[in-house]
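Residue strings, one per chain:
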Amino acid sequence: MLEMNFSLETELAGLKMDNPLMLASGILGLCPSLLKRVASAGAGAVVTKSVGLREREGFPNPTVHVIDSYGLLNAMGLPNPGVEEFLKEFEGEKFQIPIVYSVYGSSPEEYSQVAKKLLSLNPSAFELNLSCPHVREVGSLIGQDPRMVYNVVNSVKSSVNVPVFAKLSPNVTDVLEVAEAAVKAGADAIVAINTVKAMAIDVDIMKPVLGNVYGGLSGPAIKPIAIKIVYDLFENISVPIIGVGGICCWRDAVEFFLAGASAVQIGSGILWRGLNIFGEVLEGLRKYMIEHKFKNVKEIVGAAHK
Amino acid sequence: MNPEIQKIDNFRMRAITVLDVKRYDERFSTIYFRDKIVYKSVPGQYVMIWIPGCDEIPLSVSHAEDGLCGVTVKNVGEATSKLCNVSVGEKLGVRGPFGNGFKCMGKRPLIVAGGIGVAGLRLLLYKFIRKSITPTLVLGTRTSEENIFHEEFSKNSFKGLLKYYPVTEDGSLGERGLASEVAEKLLSSNEFDHVYACGAEKMLYEVFNLVSDKGLSAQFSLERYIKCAVGVCGQCVIGDGLLVCKDGPVFTKSVLKRVKDFGKFSRKASGKRFQI
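Rules used in this analysis
- Residues numbered from 1 in each chain as written.
- Chains lettered and ligands numbered in written order.
- Predicted model: local features only at pLDDT ≥ 70, side-chain atom pairs only at ≥ 80, totals over all residues.
- Heavy atoms only, no water.
- Domains from an automatic or database assignment.
- Contact = heavy atoms within 4.5 Å.
- Buried area = accessible area lost by both parts, 1.4 Å probe.
- Salt bridge = Lys/Arg side-chain N within 4 Å of Asp/Glu carboxyl O.
- Polar contact = N/O pair within 3.5 Å; in protein donor to acceptor, adjacent residues only side chain to side chain.
- Helix = DSSP H or I, 4+ residues; strand = E, 2+ residues; numbered from the N terminus.
- Axes fitted to C-alpha atoms, helices over the stretch in contact; angles between N-to-C directions.
- Parallel < 35°, antiparallel > 145°, perpendicular 65-115°, else oblique.
- Left-handed = near helix turned anticlockwise from the far one by under 90°.
- Nonpolar A, V, L, I, M, F, W, Y, C, P; charged D, E, K, R; others polar.
- Buried < 20%, exposed > 50% of the residue type's maximum accessible area, 1.4 Å probe, protein only.

Moving on, we come to the domain arrangement of chain B. Residues and elements named next belong to chain B. Each assigned domain of chain B is listed with its residue range as follows: domain 1 (3-98) and domain 2 (109-275). A C-alpha centroid distance of 21 Å is found between domain 1 and domain 2. Between domain 1 and domain 2, the residue contacts involve 22 residues of the former and 20 residues of the latter. Summing both sides of the interface, domain 1 and domain 2 together bury roughly 1900 Å²; the carbon and sulfur share of this comes to 61%. Where domain 1 touches domain 2, the interface holds two salt bridges. Glutamate 146 is the partner of arginine 27 in a salt bridge, and the nearest nitrogen-oxygen pair spans 3.0 Å. Where domain 1 touches domain 2, the interface holds six residue pairs in polar contact (both at pLDDT 80 or more). Broken down by secondary-structure element, the contributors of at least two residues to the side of domain 1 that touches domain 2 are strand 2 (20-25), strand 4 (46-51), strand 5 (55-65), strand 6 (68-74) and strand 7 (91-98).

Structure, rendered in C-alpha coordinates:
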(Lines give C-alpha, C1' and ligand atoms only; values in the text may rest on other atoms or scores of the structure.)
Protein backbone atom coordinates (compact mmCIF):
# COMPACT_ATOMS: atom_id res chain seq x y z
CA MET A 1 0.00 0.00 0.00
CA LEU A 2 1.97 2.92 -1.35
CA GLU A 3 -0.26 5.62 0.04
CA MET A 4 0.10 4.45 3.65
CA ASN A 5 3.37 6.24 4.31
CA PHE A 6 2.92 8.94 1.76
CA SER A 7 2.60 12.54 2.86
CA LEU A 8 2.37 16.02 1.43
CA GLU A 9 3.24 17.49 4.81
CA THR A 10 6.42 19.45 4.94
CA GLU A 11 8.46 21.58 7.24
CA LEU A 12 10.33 24.70 6.27
CA ALA A 13 12.42 26.97 8.51
CA GLY A 14 10.40 25.78 11.50
CA LEU A 15 7.00 26.13 9.79
CA LYS A 16 4.94 22.95 9.78
CA MET A 17 2.69 22.85 6.72
CA ASP A 18 0.06 20.33 5.60
CA ASN A 19 1.36 20.79 2.07
CA PRO A 20 4.08 22.81 0.32
CA LEU A 21 1.74 25.29 -1.40
CA MET A 22 1.63 28.85 -0.11
CA LEU A 23 -0.31 31.90 -1.17
CA ALA A 24 2.08 34.49 -2.64
CA SER A 25 2.18 37.97 -1.18
CA GLY A 26 0.17 40.72 -2.84
CA ILE A 27 -2.59 38.37 -3.96
CA LEU A 28 -5.79 38.58 -1.89
CA GLY A 29 -3.95 38.90 1.43
CA LEU A 30 -5.48 42.19 2.55
CA CYS A 31 -7.53 40.87 5.45
CA PRO A 32 -8.14 37.76 7.59
CA SER A 33 -11.36 36.73 5.82
CA LEU A 34 -9.66 36.44 2.43
CA LEU A 35 -6.66 34.60 3.86
CA LYS A 36 -9.04 32.13 5.49
CA ARG A 37 -10.83 31.62 2.18
CA VAL A 38 -7.46 30.78 0.58
CA ALA A 39 -6.66 28.46 3.48
CA SER A 40 -9.88 26.54 2.96
CA ALA A 41 -9.08 26.29 -0.75
CA GLY A 42 -6.15 24.09 0.31
CA ALA A 43 -3.07 26.30 0.81
CA GLY A 44 -0.48 24.99 3.26
CA ALA A 45 0.43 28.51 4.39
CA VAL A 46 -0.56 32.05 3.47
CA VAL A 47 1.37 35.29 3.07
CA THR A 48 -0.27 38.67 3.64
CA LYS A 49 -0.08 41.68 1.38
CA SER A 50 2.96 43.79 2.29
CA VAL A 51 2.37 46.13 5.17
CA GLY A 52 4.38 49.24 5.97
CA LEU A 53 4.57 51.79 8.73
CA ARG A 54 2.14 54.24 7.20
CA GLU A 55 -1.03 54.04 5.13
CA ARG A 56 -0.40 54.11 1.38
CA GLU A 57 -2.93 54.50 -1.39
CA GLY A 58 -0.79 52.95 -4.08
CA PHE A 59 -0.71 53.98 -7.72
CA PRO A 60 -3.67 55.13 -9.80
CA ASN A 61 -5.53 52.65 -12.04
CA PRO A 62 -4.91 50.85 -14.31
CA THR A 63 -2.95 48.96 -11.69
CA VAL A 64 -3.41 45.58 -13.35
CA HIS A 65 -3.03 44.60 -16.99
CA VAL A 66 -3.60 41.02 -18.11
CA ILE A 67 -1.42 39.99 -21.04
CA ASP A 68 -3.14 37.12 -22.83
CA SER A 69 -2.66 33.86 -20.99
CA TYR A 70 0.95 34.33 -19.96
CA GLY A 71 1.40 37.53 -18.06
CA LEU A 72 -0.04 39.67 -15.33
CA LEU A 73 1.47 43.12 -15.29
CA ASN A 74 0.86 45.14 -12.15
CA ALA A 75 1.79 48.40 -10.54
CA MET A 76 -0.23 48.40 -7.34
CA GLY A 77 2.31 50.64 -5.59
CA LEU A 78 2.27 48.89 -2.20
CA PRO A 79 -1.21 49.96 -1.13
CA ASN A 80 -1.79 49.12 2.51
CA PRO A 81 -3.72 50.55 5.45
CA GLY A 82 -0.59 50.97 7.58
CA VAL A 83 0.56 48.66 10.35
CA GLU A 84 -1.66 50.10 13.11
CA GLU A 85 -4.87 49.58 11.11
CA PHE A 86 -3.57 46.20 9.98
CA LEU A 87 -3.14 45.17 13.63
CA LYS A 88 -6.73 46.20 14.38
CA GLU A 89 -8.02 43.98 11.58
CA PHE A 90 -5.91 40.95 12.41
CA GLU A 91 -6.11 41.09 16.22
CA GLY A 92 -7.74 38.03 17.73
CA GLU A 93 -8.03 36.21 14.38
CA LYS A 94 -7.16 32.52 14.48
CA PHE A 95 -5.67 30.74 11.49
CA GLN A 96 -5.54 26.95 11.05
CA ILE A 97 -2.37 27.17 8.94
CA PRO A 98 0.88 29.15 9.27
CA ILE A 99 0.53 32.82 8.41
CA VAL A 100 3.47 34.79 7.12
CA TYR A 101 3.36 38.57 7.37
CA SER A 102 4.94 40.42 4.46
CA VAL A 103 6.71 43.60 5.51
CA TYR A 104 8.11 46.48 3.53
CA GLY A 105 9.94 49.67 4.45
CA SER A 106 12.19 52.33 3.07
CA SER A 107 15.04 51.71 5.52
CA PRO A 108 16.29 48.84 7.71
CA GLU A 109 14.85 50.56 10.78
CA GLU A 110 11.42 50.86 9.21
CA TYR A 111 11.33 47.13 8.38
CA SER A 112 12.17 46.16 11.94
CA GLN A 113 9.73 48.71 13.38
CA VAL A 114 6.88 47.18 11.39
CA ALA A 115 7.95 43.61 12.21
CA LYS A 116 8.12 44.39 15.93
CA LYS A 117 4.61 45.86 15.89
CA LEU A 118 3.29 42.72 14.15
CA LEU A 119 4.74 40.42 16.83
CA SER A 120 1.53 40.71 18.86
CA LEU A 121 -0.23 38.72 16.12
CA ASN A 122 2.04 35.68 16.72
CA PRO A 123 3.31 35.51 13.14
CA SER A 124 4.59 32.15 11.89
CA ALA A 125 7.25 34.06 9.95
CA PHE A 126 8.02 37.37 8.30
CA GLU A 127 8.61 37.76 4.59
CA LEU A 128 10.61 40.84 3.68
CA ASN A 129 9.47 42.47 0.46
CA LEU A 130 12.74 43.85 -0.85
CA SER A 131 11.29 45.29 -4.05
CA CYS A 132 10.68 48.66 -2.45
CA PRO A 133 12.11 52.05 -3.32
CA HIS A 134 15.20 53.13 -1.47
CA VAL A 135 14.63 56.07 0.85
CA ARG A 136 17.92 57.74 -0.06
CA GLU A 137 18.82 56.46 -3.52
CA VAL A 138 15.86 57.53 -5.64
CA GLY A 139 14.92 55.12 -8.40
CA SER A 140 16.68 52.04 -7.10
CA LEU A 141 15.15 49.27 -5.04
CA ILE A 142 16.39 48.02 -1.69
CA GLY A 143 16.61 44.52 -3.17
CA GLN A 144 19.08 45.71 -5.81
CA ASP A 145 21.77 46.54 -3.26
CA PRO A 146 23.32 43.53 -1.43
CA ARG A 147 24.61 45.82 1.33
CA MET A 148 21.14 47.21 1.93
CA VAL A 149 19.59 43.74 1.84
CA TYR A 150 22.11 42.63 4.47
CA ASN A 151 21.20 45.61 6.66
CA VAL A 152 17.45 45.06 6.31
CA VAL A 153 17.58 41.33 7.09
CA ASN A 154 20.05 41.91 9.90
CA SER A 155 17.91 44.65 11.41
CA VAL A 156 14.76 42.49 11.40
CA LYS A 157 16.58 39.36 12.59
CA SER A 158 18.00 41.19 15.58
CA SER A 159 14.58 42.65 16.48
CA VAL A 160 12.35 39.57 16.33
CA ASN A 161 12.62 35.93 17.30
CA VAL A 162 10.55 34.60 14.39
CA PRO A 163 11.75 33.05 11.11
CA VAL A 164 12.55 35.68 8.49
CA PHE A 165 12.25 35.08 4.73
CA ALA A 166 13.89 37.39 2.21
CA LYS A 167 11.96 37.78 -1.06
CA LEU A 168 14.37 38.55 -3.85
CA SER A 169 13.94 40.79 -6.82
CA PRO A 170 15.08 39.33 -10.16
CA ASN A 171 15.89 42.83 -11.39
CA VAL A 172 19.59 42.58 -10.55
CA THR A 173 22.79 41.58 -12.31
CA ASP A 174 23.62 38.87 -9.80
CA VAL A 175 20.79 37.38 -7.71
CA LEU A 176 23.22 35.07 -5.96
CA GLU A 177 25.16 37.98 -4.50
CA VAL A 178 21.94 39.40 -3.01
CA ALA A 179 20.85 35.97 -1.72
CA GLU A 180 24.20 35.42 -0.05
CA ALA A 181 23.94 38.80 1.66
CA ALA A 182 20.50 37.84 2.99
CA VAL A 183 21.71 34.45 4.22
CA LYS A 184 24.78 36.00 5.84
CA ALA A 185 22.48 38.40 7.69
CA GLY A 186 20.51 35.45 9.04
CA ALA A 187 17.61 34.93 6.61
CA ASP A 188 15.90 31.62 7.41
CA ALA A 189 14.68 31.11 3.85
CA ILE A 190 14.89 32.78 0.47
CA VAL A 191 11.76 33.48 -1.57
CA ALA A 192 12.49 33.69 -5.30
CA ILE A 193 11.32 35.56 -7.26
CA ASN A 194 9.40 38.82 -7.06
CA THR A 195 7.98 40.31 -10.27
CA VAL A 196 10.15 41.20 -13.27
CA LYS A 197 10.22 44.88 -14.24
CA ALA A 198 8.06 45.34 -17.32
CA MET A 199 5.63 47.57 -19.17
CA ALA A 200 3.01 47.55 -21.90
CA ILE A 201 1.93 50.19 -24.40
CA ASP A 202 -1.47 50.14 -26.03
CA VAL A 203 -0.85 50.43 -29.76
CA ASP A 204 -4.20 52.06 -30.56
CA ILE A 205 -4.12 54.54 -27.70
CA MET A 206 -0.34 54.91 -28.03
CA LYS A 207 0.25 55.27 -24.30
CA PRO A 208 1.61 53.07 -21.51
CA VAL A 209 -1.28 51.14 -19.99
CA LEU A 210 -0.29 51.17 -16.33
CA GLY A 211 -1.07 54.26 -14.28
CA ASN A 212 2.52 54.13 -13.06
CA VAL A 213 3.84 53.65 -16.64
CA TYR A 214 5.82 50.54 -15.69
CA GLY A 215 5.34 47.75 -13.20
CA GLY A 216 6.18 44.14 -12.46
CA LEU A 217 5.38 41.08 -14.53
CA SER A 218 4.19 37.81 -13.02
CA GLY A 219 2.52 34.73 -14.47
CA PRO A 220 3.70 31.92 -16.80
CA ALA A 221 5.98 34.28 -18.76
CA ILE A 222 8.40 34.57 -15.83
CA LYS A 223 8.44 30.93 -14.74
CA PRO A 224 11.60 29.97 -16.69
CA ILE A 225 13.37 32.99 -15.17
CA ALA A 226 12.34 31.90 -11.68
CA ILE A 227 13.31 28.26 -12.32
CA LYS A 228 16.83 29.30 -13.35
CA ILE A 229 17.23 31.46 -10.25
CA VAL A 230 15.95 28.74 -7.90
CA TYR A 231 18.22 26.21 -9.60
CA ASP A 232 21.28 28.43 -9.11
CA LEU A 233 20.39 29.31 -5.53
CA PHE A 234 20.00 25.62 -4.64
CA GLU A 235 23.60 24.97 -5.69
CA ASN A 236 24.96 27.84 -3.69
CA ILE A 237 23.02 28.64 -0.55
CA SER A 238 22.38 26.70 2.62
CA VAL A 239 18.86 27.83 3.58
CA PRO A 240 15.58 26.54 2.10
CA ILE A 241 14.23 28.20 -1.04
CA ILE A 242 10.58 29.03 -1.62
CA GLY A 243 9.91 29.12 -5.35
CA VAL A 244 7.45 31.55 -6.88
CA GLY A 245 6.74 32.73 -10.39
CA GLY A 246 4.02 31.67 -12.78
CA ILE A 247 2.77 28.45 -11.21
CA CYS A 248 -0.51 27.56 -12.90
CA CYS A 249 -0.61 23.77 -12.66
CA TRP A 250 1.01 20.87 -10.82
CA ARG A 251 3.71 20.48 -13.46
CA ASP A 252 4.88 24.01 -12.75
CA ALA A 253 5.03 23.28 -9.02
CA VAL A 254 6.96 20.04 -9.54
CA GLU A 255 9.41 21.87 -11.80
CA PHE A 256 10.17 24.26 -8.94
CA PHE A 257 10.68 21.36 -6.49
CA LEU A 258 13.03 19.65 -8.91
CA ALA A 259 14.97 22.89 -9.31
CA GLY A 260 15.42 23.09 -5.55
CA ALA A 261 12.41 24.79 -3.98
CA SER A 262 11.26 23.32 -0.65
CA ALA A 263 7.87 25.00 -1.02
CA VAL A 264 6.17 27.09 -3.67
CA GLN A 265 3.97 30.13 -3.70
CA ILE A 266 0.99 30.61 -5.98
CA GLY A 267 -0.24 34.07 -6.92
CA SER A 268 -1.15 35.15 -10.44
CA GLY A 269 -2.23 31.59 -11.26
CA ILE A 270 -5.39 32.38 -9.29
CA LEU A 271 -6.31 34.86 -12.03
CA TRP A 272 -6.57 32.12 -14.66
CA ARG A 273 -7.53 29.12 -12.51
CA GLY A 274 -9.42 30.66 -9.59
CA LEU A 275 -8.88 29.44 -6.02
CA ASN A 276 -9.37 25.85 -7.23
CA ILE A 277 -5.74 26.04 -8.31
CA PHE A 278 -4.61 24.89 -4.85
CA GLY A 279 -6.73 21.74 -5.04
CA GLU A 280 -5.75 21.12 -8.67
CA VAL A 281 -2.02 21.41 -7.96
CA LEU A 282 -2.25 19.23 -4.84
CA GLU A 283 -4.13 16.52 -6.72
CA GLY A 284 -1.59 16.54 -9.55
CA LEU A 285 1.31 16.56 -7.12
CA ARG A 286 -0.17 13.63 -5.20
CA LYS A 287 -0.54 11.55 -8.37
CA TYR A 288 2.97 12.47 -9.52
CA MET A 289 4.47 11.43 -6.18
CA ILE A 290 2.63 8.12 -6.14
CA GLU A 291 3.59 7.39 -9.73
CA HIS A 292 7.25 8.14 -9.03
CA LYS A 293 7.21 6.47 -5.60
CA PHE A 294 8.13 9.60 -3.66
CA LYS A 295 7.10 9.33 0.00
CA ASN A 296 7.42 13.01 0.81
CA VAL A 297 8.06 16.33 -0.89
CA LYS A 298 11.62 16.58 0.46
CA GLU A 299 12.62 13.70 -1.83
CA ILE A 300 11.77 15.77 -4.91
CA VAL A 301 13.46 18.97 -3.74
CA GLY A 302 16.52 19.54 -5.90
CA ALA A 303 16.21 16.13 -7.58
CA ALA A 304 17.11 17.67 -10.95
CA HIS A 305 20.60 18.39 -9.63
CA LYS A 306 21.48 14.74 -9.06
CA MET B 1 2.70 27.95 -23.53
CA ASN B 2 0.97 26.21 -20.71
CA PRO B 3 -1.96 24.38 -22.32
CA GLU B 4 -3.97 24.40 -19.10
CA ILE B 5 -4.46 28.12 -19.19
CA GLN B 6 -6.98 29.50 -21.56
CA LYS B 7 -6.84 32.98 -22.87
CA ILE B 8 -9.74 34.79 -21.32
CA ASP B 9 -10.89 37.40 -23.78
CA ASN B 10 -12.72 39.78 -21.49
CA PHE B 11 -9.59 40.28 -19.33
CA ARG B 12 -7.77 41.94 -22.22
CA MET B 13 -7.62 45.75 -22.52
CA ARG B 14 -9.23 46.83 -25.82
CA ALA B 15 -9.14 50.30 -27.34
CA ILE B 16 -12.57 51.70 -28.14
CA THR B 17 -13.61 54.80 -30.04
CA VAL B 18 -16.32 57.01 -28.60
CA LEU B 19 -19.06 56.90 -31.25
CA ASP B 20 -21.65 59.05 -29.57
CA VAL B 21 -22.20 60.91 -26.31
CA LYS B 22 -25.59 61.69 -24.87
CA ARG B 23 -25.29 64.60 -22.44
CA TYR B 24 -28.24 64.89 -20.05
CA ASP B 25 -26.76 67.93 -18.31
CA GLU B 26 -23.23 68.87 -17.27
CA ARG B 27 -23.16 66.11 -14.66
CA PHE B 28 -24.45 63.09 -16.58
CA SER B 29 -23.51 61.44 -19.89
CA THR B 30 -23.96 58.14 -21.66
CA ILE B 31 -20.96 57.19 -23.77
CA TYR B 32 -21.53 54.86 -26.72
CA PHE B 33 -18.96 52.56 -28.33
CA ARG B 34 -18.66 49.24 -30.11
CA ASP B 35 -17.15 46.15 -28.50
CA LYS B 36 -18.26 42.61 -29.30
CA ILE B 37 -17.41 41.27 -25.85
CA VAL B 38 -19.12 44.04 -23.86
CA TYR B 39 -22.13 43.70 -26.14
CA LYS B 40 -22.77 40.24 -24.70
CA SER B 41 -22.97 41.59 -21.13
CA VAL B 42 -25.46 40.16 -18.69
CA PRO B 43 -27.57 42.89 -17.01
CA GLY B 44 -25.72 44.09 -13.90
CA GLN B 45 -22.22 43.35 -15.17
CA TYR B 46 -19.66 46.15 -15.29
CA VAL B 47 -16.66 47.19 -17.36
CA MET B 48 -13.43 48.94 -16.46
CA ILE B 49 -13.09 52.09 -18.55
CA TRP B 50 -9.57 53.45 -18.97
CA ILE B 51 -9.27 57.17 -19.49
CA PRO B 52 -5.66 57.38 -20.74
CA GLY B 53 -3.41 59.55 -18.62
CA CYS B 54 -6.01 59.77 -15.86
CA ASP B 55 -7.57 56.67 -14.29
CA GLU B 56 -9.51 53.49 -14.89
CA ILE B 57 -12.94 53.17 -13.28
CA PRO B 58 -15.72 50.58 -13.01
CA LEU B 59 -19.02 51.42 -14.74
CA SER B 60 -22.17 49.38 -15.23
CA VAL B 61 -23.06 48.53 -18.79
CA SER B 62 -26.25 50.56 -19.29
CA HIS B 63 -26.77 50.02 -22.99
CA ALA B 64 -26.35 47.08 -25.39
CA GLU B 65 -28.68 47.58 -28.36
CA ASP B 66 -28.37 47.83 -32.14
CA GLY B 67 -24.70 46.89 -32.01
CA LEU B 68 -23.85 49.72 -29.62
CA CYS B 69 -22.65 49.46 -26.03
CA GLY B 70 -23.02 52.27 -23.53
CA VAL B 71 -21.98 53.30 -20.05
CA THR B 72 -23.69 56.04 -18.10
CA VAL B 73 -21.53 58.19 -15.88
CA LYS B 74 -22.10 60.84 -13.23
CA ASN B 75 -19.47 63.52 -12.75
CA VAL B 76 -18.19 63.06 -9.19
CA GLY B 77 -14.43 63.55 -9.62
CA GLU B 78 -11.53 63.89 -12.02
CA ALA B 79 -11.99 60.67 -13.99
CA THR B 80 -15.78 60.89 -14.24
CA SER B 81 -15.53 64.56 -15.21
CA LYS B 82 -13.18 63.71 -18.09
CA LEU B 83 -15.49 60.91 -19.14
CA CYS B 84 -18.62 63.08 -18.96
CA ASN B 85 -16.95 65.57 -21.27
CA VAL B 86 -15.35 63.08 -23.66
CA SER B 87 -15.67 63.91 -27.37
CA VAL B 88 -16.88 61.71 -30.19
CA GLY B 89 -13.86 60.11 -31.84
CA GLU B 90 -11.75 60.02 -28.69
CA LYS B 91 -10.14 56.72 -27.74
CA LEU B 92 -10.63 54.97 -24.41
CA GLY B 93 -9.69 51.53 -23.09
CA VAL B 94 -12.12 48.88 -21.93
CA ARG B 95 -11.77 45.63 -19.97
CA GLY B 96 -14.61 43.31 -19.11
CA PRO B 97 -17.48 42.75 -18.76
CA PHE B 98 -16.78 41.54 -15.25
CA GLY B 99 -18.76 40.11 -12.38
CA ASN B 100 -21.84 37.93 -12.19
CA GLY B 101 -24.70 40.28 -13.05
CA PHE B 102 -28.36 39.85 -12.08
CA LYS B 103 -30.21 36.59 -12.44
CA CYS B 104 -33.44 37.50 -14.22
CA MET B 105 -35.96 35.81 -11.94
CA GLY B 106 -39.54 36.28 -10.81
CA LYS B 107 -42.80 37.08 -12.53
CA ARG B 108 -43.59 40.21 -10.48
CA PRO B 109 -40.30 42.01 -9.98
CA LEU B 110 -39.80 45.21 -8.00
CA ILE B 111 -36.73 47.16 -9.13
CA VAL B 112 -35.41 49.83 -6.78
CA ALA B 113 -32.88 52.28 -8.21
CA GLY B 114 -31.06 55.04 -6.37
CA GLY B 115 -29.51 57.86 -8.39
CA ILE B 116 -27.00 56.77 -11.01
CA GLY B 117 -27.52 53.18 -9.77
CA VAL B 118 -30.31 53.02 -12.34
CA ALA B 119 -27.61 52.62 -15.00
CA GLY B 120 -26.89 49.14 -13.64
CA LEU B 121 -30.57 48.18 -13.77
CA ARG B 122 -31.55 49.50 -17.19
CA LEU B 123 -30.62 46.33 -19.10
CA LEU B 124 -32.45 44.19 -16.52
CA LEU B 125 -35.57 46.28 -16.95
CA TYR B 126 -35.55 45.77 -20.71
CA LYS B 127 -34.86 42.06 -20.29
CA PHE B 128 -38.05 41.71 -18.23
CA ILE B 129 -40.04 43.71 -20.76
CA ARG B 130 -38.75 41.53 -23.61
CA LYS B 131 -39.90 38.47 -21.62
CA SER B 132 -43.39 40.09 -21.41
CA ILE B 133 -43.03 40.56 -17.66
CA THR B 134 -44.08 43.96 -16.30
CA PRO B 135 -41.49 45.24 -13.85
CA THR B 136 -42.24 47.89 -11.25
CA LEU B 137 -39.49 50.51 -11.10
CA VAL B 138 -38.92 52.89 -8.20
CA LEU B 139 -36.34 55.44 -9.25
CA GLY B 140 -35.18 57.77 -6.50
CA THR B 141 -33.02 60.83 -7.09
CA ARG B 142 -32.29 64.04 -5.19
CA THR B 143 -33.92 66.29 -7.77
CA SER B 144 -35.85 65.93 -11.02
CA GLU B 145 -32.73 66.92 -13.04
CA GLU B 146 -30.88 63.92 -11.62
CA ASN B 147 -33.50 61.53 -12.97
CA ILE B 148 -31.83 61.34 -16.36
CA PHE B 149 -33.95 58.44 -17.59
CA HIS B 150 -37.29 60.05 -16.76
CA GLU B 151 -38.08 60.89 -20.36
CA GLU B 152 -37.26 57.38 -21.49
CA PHE B 153 -39.25 55.59 -18.78
CA SER B 154 -42.32 57.83 -19.04
CA LYS B 155 -42.65 57.36 -22.80
CA ASN B 156 -46.07 56.40 -24.11
CA SER B 157 -44.63 53.26 -25.66
CA PHE B 158 -43.87 51.99 -22.17
CA LYS B 159 -47.51 52.18 -21.08
CA GLY B 160 -48.57 48.79 -19.77
CA LEU B 161 -45.05 47.41 -20.05
CA LEU B 162 -43.59 49.16 -17.01
CA LYS B 163 -44.94 50.51 -13.74
CA TYR B 164 -42.78 53.50 -13.07
CA TYR B 165 -42.57 55.48 -9.82
CA PRO B 166 -40.17 58.42 -9.83
CA VAL B 167 -39.24 59.73 -6.37
CA THR B 168 -37.26 62.85 -5.48
CA GLU B 169 -35.88 64.09 -2.19
CA ASP B 170 -36.94 67.65 -2.98
CA GLY B 171 -40.34 66.66 -4.35
CA SER B 172 -39.65 68.18 -7.76
CA LEU B 173 -40.71 64.97 -9.53
CA GLY B 174 -43.07 62.24 -8.40
CA GLU B 175 -43.44 61.49 -4.74
CA ARG B 176 -41.26 63.41 -2.25
CA GLY B 177 -39.01 61.13 -0.24
CA LEU B 178 -36.57 58.25 -0.66
CA ALA B 179 -36.69 55.28 -3.02
CA SER B 180 -36.65 52.92 -0.03
CA GLU B 181 -39.70 54.64 1.49
CA VAL B 182 -41.73 54.18 -1.68
CA ALA B 183 -40.45 50.62 -1.96
CA GLU B 184 -41.68 49.97 1.59
CA LYS B 185 -45.22 51.13 0.71
CA LEU B 186 -45.26 49.03 -2.46
CA LEU B 187 -43.94 45.97 -0.67
CA SER B 188 -46.76 46.11 1.89
CA SER B 189 -49.11 45.09 -0.94
CA ASN B 190 -47.29 41.73 -1.18
CA GLU B 191 -47.69 41.71 -4.94
CA PHE B 192 -44.00 41.13 -5.68
CA ASP B 193 -41.98 37.93 -5.82
CA HIS B 194 -38.48 39.32 -6.42
CA VAL B 195 -36.67 42.55 -5.54
CA TYR B 196 -33.68 44.06 -7.35
CA ALA B 197 -31.73 47.07 -6.10
CA CYS B 198 -28.79 49.17 -7.19
CA GLY B 199 -27.68 52.50 -5.75
CA ALA B 200 -26.02 53.98 -2.69
CA GLU B 201 -25.30 51.35 -0.06
CA LYS B 202 -27.43 53.14 2.55
CA MET B 203 -30.44 52.71 0.25
CA LEU B 204 -29.52 49.09 -0.47
CA TYR B 205 -29.30 48.41 3.24
CA GLU B 206 -32.73 49.97 3.82
CA VAL B 207 -34.23 47.78 1.11
CA PHE B 208 -32.39 44.74 2.48
CA ASN B 209 -33.96 45.39 5.88
CA LEU B 210 -37.39 45.66 4.26
CA VAL B 211 -37.11 42.27 2.62
CA SER B 212 -34.87 40.36 5.02
CA ASP B 213 -37.75 38.87 7.01
CA LYS B 214 -40.10 38.51 4.07
CA GLY B 215 -40.32 35.34 2.04
CA LEU B 216 -39.24 36.96 -1.21
CA SER B 217 -35.88 36.77 -2.91
CA ALA B 218 -33.78 39.82 -3.57
CA GLN B 219 -30.59 40.76 -5.41
CA PHE B 220 -28.41 43.77 -4.63
CA SER B 221 -25.64 45.29 -6.71
CA LEU B 222 -22.80 46.60 -4.53
CA GLU B 223 -20.18 49.19 -5.30
CA ARG B 224 -16.58 49.12 -4.05
CA TYR B 225 -13.23 50.61 -5.06
CA ILE B 226 -12.20 48.23 -7.85
CA LYS B 227 -8.57 47.82 -8.87
CA CYS B 228 -7.87 44.51 -10.62
CA ALA B 229 -11.50 43.51 -11.43
CA VAL B 230 -10.31 39.92 -11.89
CA GLY B 231 -10.33 38.59 -8.33
CA VAL B 232 -6.66 38.78 -7.40
CA CYS B 233 -5.87 42.00 -5.55
CA GLY B 234 -8.40 41.71 -2.72
CA GLN B 235 -9.18 45.44 -2.59
CA CYS B 236 -12.97 44.95 -2.88
CA VAL B 237 -13.35 42.27 -0.18
CA ILE B 238 -16.54 42.11 1.86
CA GLY B 239 -17.81 39.73 4.53
CA ASP B 240 -16.16 36.35 4.83
CA GLY B 241 -13.79 36.78 1.90
CA LEU B 242 -16.21 37.64 -0.91
CA LEU B 243 -14.91 39.76 -3.78
CA VAL B 244 -17.27 42.39 -5.16
CA CYS B 245 -15.33 42.42 -8.45
CA LYS B 246 -15.69 38.72 -9.17
CA ASP B 247 -18.16 37.05 -6.80
CA GLY B 248 -20.39 40.12 -7.19
CA PRO B 249 -21.18 42.88 -7.81
CA VAL B 250 -24.63 41.30 -7.39
CA PHE B 251 -25.30 39.43 -4.15
CA THR B 252 -28.48 37.73 -3.03
CA LYS B 253 -30.28 38.54 0.17
CA SER B 254 -29.24 35.23 1.71
CA VAL B 255 -25.55 35.84 0.97
CA LEU B 256 -25.71 39.38 2.32
CA LYS B 257 -27.18 38.10 5.58
CA ARG B 258 -23.71 36.68 6.27
CA VAL B 259 -21.89 39.88 5.26
CA LYS B 260 -21.42 41.78 8.49
CA ASP B 261 -19.87 44.86 6.88
CA PHE B 262 -22.71 45.33 4.36
CA GLY B 263 -24.20 48.77 4.87
CA LYS B 264 -21.51 49.63 7.39
CA PHE B 265 -17.95 49.61 6.04
CA SER B 266 -16.16 50.08 2.76
CA ARG B 267 -12.46 50.40 1.92
CA LYS B 268 -10.31 53.24 0.60
CA ALA B 269 -7.67 52.76 -2.10
CA SER B 270 -5.17 51.87 0.64
CA GLY B 271 -7.43 49.07 1.87
CA LYS B 272 -8.23 50.98 5.08
CA ARG B 273 -11.82 50.57 6.25
CA PHE B 274 -14.15 53.52 6.60
CA GLN B 275 -17.69 53.86 7.78
CA ILE B 276 -20.32 54.19 5.05
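Read on for the rest.
Before going further, it helps to examine the interface of chain B and chain A. The interface is formed by 47 residues belonging to chain B together with 45 residues belonging to chain A. With both chains or domains summed, chain B and chain A bury close to 3700 Å², and 60% of this area falls on carbon and sulfur atoms. Across the contact surface, chain B and chain A share six salt bridges. The shortest N-O distance in the salt bridge between glutamate 89 of chain A and arginine 273 of chain B comes to 3.8 Å.

With that out of the way, let us pick up the packing of helix 3 (residues 108-118) of chain A against helix 4 (residues 146-157) of chain A. Residues and elements named next belong to chain A. The geometry of helix 3 relative to helix 4 is characterised by a closest axis approach of 8 Å and an angle of 30° between their N-to-C directions. For the element pair helix 3 / helix 4, the angle class is roughly parallel. Relative to helix 4, helix 3 is oriented so that their crossing is right-handed. From helix 3, Pro108, Glu109, Tyr111, Ser112 and Ala115 reach across to helix 4, where they touch Met148, Asn151, Val152, Ser155 and Val156. Broken down by class, the residue content of the contact of helix 3 with helix 4 amounts to six nonpolar, three polar and one charged.

The subject of this paragraph is helix 6 (residues 201-211) of chain B. Taken together, the buried positions of helix 6 of chain B are occupied by Glu201, Met203, Leu204, Val207, Phe208, Leu210 and Val211 of chain B. Elements in contact with the buried residues of helix 6 of chain B: strand 8 (109-114), helix 5 (179-187), strand 12 (194-198), strand 13 (217-221) and helix 7 (253-256) of chain B.

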